[in-house]
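So the chains spell out like this:
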Amino acid sequence: MSKKTKTYHEELNIKNEKKLKAQITKLPEFCSDFFRSLTDNTSSATRCGYAYDLDIFFSYLCEYEADFEGVEPKLFTLEDLAKVWFSHLERYMAHLTYYERNGEGEVLLVHSNKERGKSRKLSAIRTMFSYLYKKGKLKANPTELINLPKIQDKVITKLEVDEVAKLLDEVESGESLAGRSAVFHKHTKDRDLAIATLLLGTGIRVSECVGIDISDLNFDINGVRIVRKGGDEAIVYFGGEVREALLGYLAEREKALPAAGHENALFLSLRNRRITVRSVQNLVKKYSKTVTPLKNISPHKLRSTYGTNLYTETGDIYLVADVLGHKDVNTTRKHYADMADSRRRQAAKYVVLRKE
């Protein structure tokens, strides 16, 4: 019996778990129990992010706070942690605005964080303190005293209807490309058109897109199985334009000789390996800058374009949340609040009190 090939997401989880184990070796011993407690309710990517953020936190305490002078992050004890208080956390949040840290090969790297980055890093610390407090290993939880930074809502950047059409035309023709991009276009245009059409026609995330296998497609129902952020599976349905683009690409895909381990991957790179998130980001940027040079278009902006169009056509925020895979409809409502306000303004035109 042949050995079953691991899926993209299984391979990704294995890579993340390896990164997590390596990162935990840099952290205090009590962090091991904390990360084990997260296994059943967080993704491997989330745990990796927490480990990285906690490493920054403990490194800061040992390097910049006099109360922990001479202590190494790895040797930090619960007794040391009990000394951490509101003032330490407040100074740490200010430190995150701009700091330097050694990267691979001891190369000094400059880091900066705005409100969103600070909030994520504080969330990791809060979760750890909360766990240790509930377990009775700490007598107090100082993270409850500090507020999360206020995050300003982002203005939705999206493509207008005519820009969507121009983008797809550009992907198909490649007439504005030059140099190597123009040379490679004839080899990638069917793939690129399928990717752009799929993103614009379903609103799936770029990570969900690159993880699709050929076996995930079902043209009987015009649906594709994807793995959402967090690991949940979902079936996303697509229309005729997406179907046509996918079938056109699959006709070319059948001629490829995929690298070992990438036989079932839907979208392949020029090296016949599963395409990466970064490659999709680059191809979207490559085509969009010729169509909308003033807009910084990314795969996420194509997702916003789909969400905006769906909400405009249906006015159903719950449908948009469901299709986009938002677990909390308030997340969707927050992103599309400006559109809701626009629709309410239109309502004022419909009711006439005195007919002429």
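Since this is a predicted model, take the numbers as computed values, not measurements.

**As for the overall build of the chain**
Counting its secondary structure elements, the chain contains 15 helices and 5 strands. Summarising its shape, the C-alpha atoms of the chain cover approximately 75 × 65 × 45 Å along the three principal directions. Taking the intrachain contacts of the chain between residues at least 6 apart in sequence as the baseline, contacts between residues at least 24 apart amount to 59%. A total of about 21500 Å² of accessible surface is found on the chain, and carbon and sulfur atoms cover 50% of it. One finds the centroid of the 58 positive side-chain charges in the chain at a distance of 0 Å from the centroid of its 49 negative side-chain charges.

**Quick look at the packing of aromatic side chains**
Working definition: an aromatic ring pair is given by the centre-to-centre distance plus the angle between the planes. Evaluation of the coordinates by the stated rule reveals 11 aromatic pairs. On the basis of an interplanar angle of 70° and a centroid distance of 5.1 Å, the ring pair of Phe 57 and Tyr 92 is categorised as edge-to-face. One end of the pair, Phe 57, is in helix α3 (residues 44-64); the other, Tyr 92, is in helix α5 (residues 86-95), with 35 residues separating them in the sequence. Of the two residues, Phe 57 and Tyr 92, neither departs from the other in class, the shared state being buried. Taken together, a centroid distance of 5.2 Å and an interplanar angle of 40° make the contact between Phe 68 and Phe 76 tilted. Residue class for Phe 76 comes out buried when judged on its relative accessible area of 2%. What links up through ring pairs into an aromatic cluster is the set Phe 30, Phe 57, Phe 58, Tyr 60, Tyr 64, Phe 68, Phe 76 and Tyr 92.

**Considering the packing of helix α1 (residues 8-24) against α3**
Look at α1 against α3: their axes get within 9 Å of each other, and the N-to-C directions meet at 20°. Relative to α3, the element α1 is oriented roughly parallel. Viewed along their axes, α1 and α3 form a crossing whose handedness is left-handed. Here Asn 13, Asn 16, Glu 17, Lys 19, Leu 20 and Gln 23 of α1 lie close against α3, whose contacting residues are Ser 44, Ala 45, Arg 47, Cys 48, Ala 51, Tyr 52 and Asp 55. Each residue belonging to the contact of α1 with α3 can be placed in one class, and the counts come to 5 nonpolar, 4 polar and 4 charged.

**Regarding helix α8 (residues 179-202)**
A bend of about 70° at Thr 188 is the largest found in α8. Just past α8, the residue Gly 203 takes up positive phi, approximately 75°.

**Regarding the pattern of salt bridges**
Counted by the stated rule, this structure contains 15 salt bridges. For Asp 53, the salt bridge goes to Arg 120, with nearest N and O atoms at 3.1 Å. Within this pair, whereas Asp 53 is found in helix α3, its partner Arg 120 is found in helix α6 (residues 115-134), the two being separated by 67 residues in sequence. Residue class for Arg 120 comes out partly exposed when judged on its relative accessible area of 44%. Within the structure, one salt-bridge network assembled from shared partners comprises Asp 33, Arg 36 and Lys 137.

**Section: the environment of Thr 292**
For Thr 292, the location among the structural elements is in the loop between α11 (277-291) and α12 (299-314). Of the residues examined, Thr 292 reaches a relative accessible area of 4% and is grouped as buried. Filtering out sequence-adjacent residues up to four positions away, Thr 292 remains in contact with Leu 159, Glu 163 and Ile 297.

**Some details on the sheet that holds strand β5 (residues 233-237)**
Ordered by their spatial adjacency, 3 strands build an open sheet running β3-β4-β5, and the pairing between neighbours is antiparallel. Each edge of the open sheet is held by one strand with a lone partner, namely β3 (217-218) and β5. Pairing of strand β4 (residues 223-227) with β5 involves 5 bridges; the strand directions are antiparallel. The partner of Arg 225 across the bridge, within β5, is Ile 235.

**Some thoughts on the environment of Glu 17**
For Glu 17, the location among the structural elements is in helix α1. For Glu 17, a relative accessible area of 28% translates into the label partly exposed. Ignoring any residue separated from it by four or fewer positions in sequence, one finds Glu 17 in contact with Ser 44 and Arg 47.

Basis of the calculations
- Residues numbered from 1 in each chain as written.
- Predicted model: local features only at pLDDT ≥ 70, side-chain atom pairs only at ≥ 80, totals over all residues.
- Heavy atoms only, no water.
- Helix = DSSP H or I, 4+ residues; strand = E, 2+ residues; numbered from the N terminus.
- Contact = heavy atoms within 4.5 Å.
- Areas by Shrake-Rupley, 256 points an atom, 1.4 Å probe, with all protein chains shown as cover.
- Lys, Arg positive; Asp, Glu negative; His and termini not counted.
- Charge placed at Lys NZ, Arg CZ, Asp CG, Glu CD.
- Phe/Tyr/Trp six-rings, centres within 6.5 Å; stacked < 30°, edge-to-face > 60°.
- Buried < 20%, exposed > 50% of the residue type's maximum accessible area, 1.4 Å probe, protein only.
- Axes fitted to C-alpha atoms, helices over the stretch in contact; angles between N-to-C directions.
- Parallel < 35°, antiparallel > 145°, perpendicular 65-115°, else oblique.
- Left-handed = near helix turned anticlockwise from the far one by under 90°.
- Nonpolar A, V, L, I, M, F, W, Y, C, P; charged D, E, K, R; others polar.
- Bend = angle between axes of the 7 residues up to and from the residue.
- Salt bridge = Lys/Arg side-chain N within 4 Å of Asp/Glu carboxyl O.
- Pairing = 2+ DSSP bridges.

In short, geometric facts, not functional conclusions.
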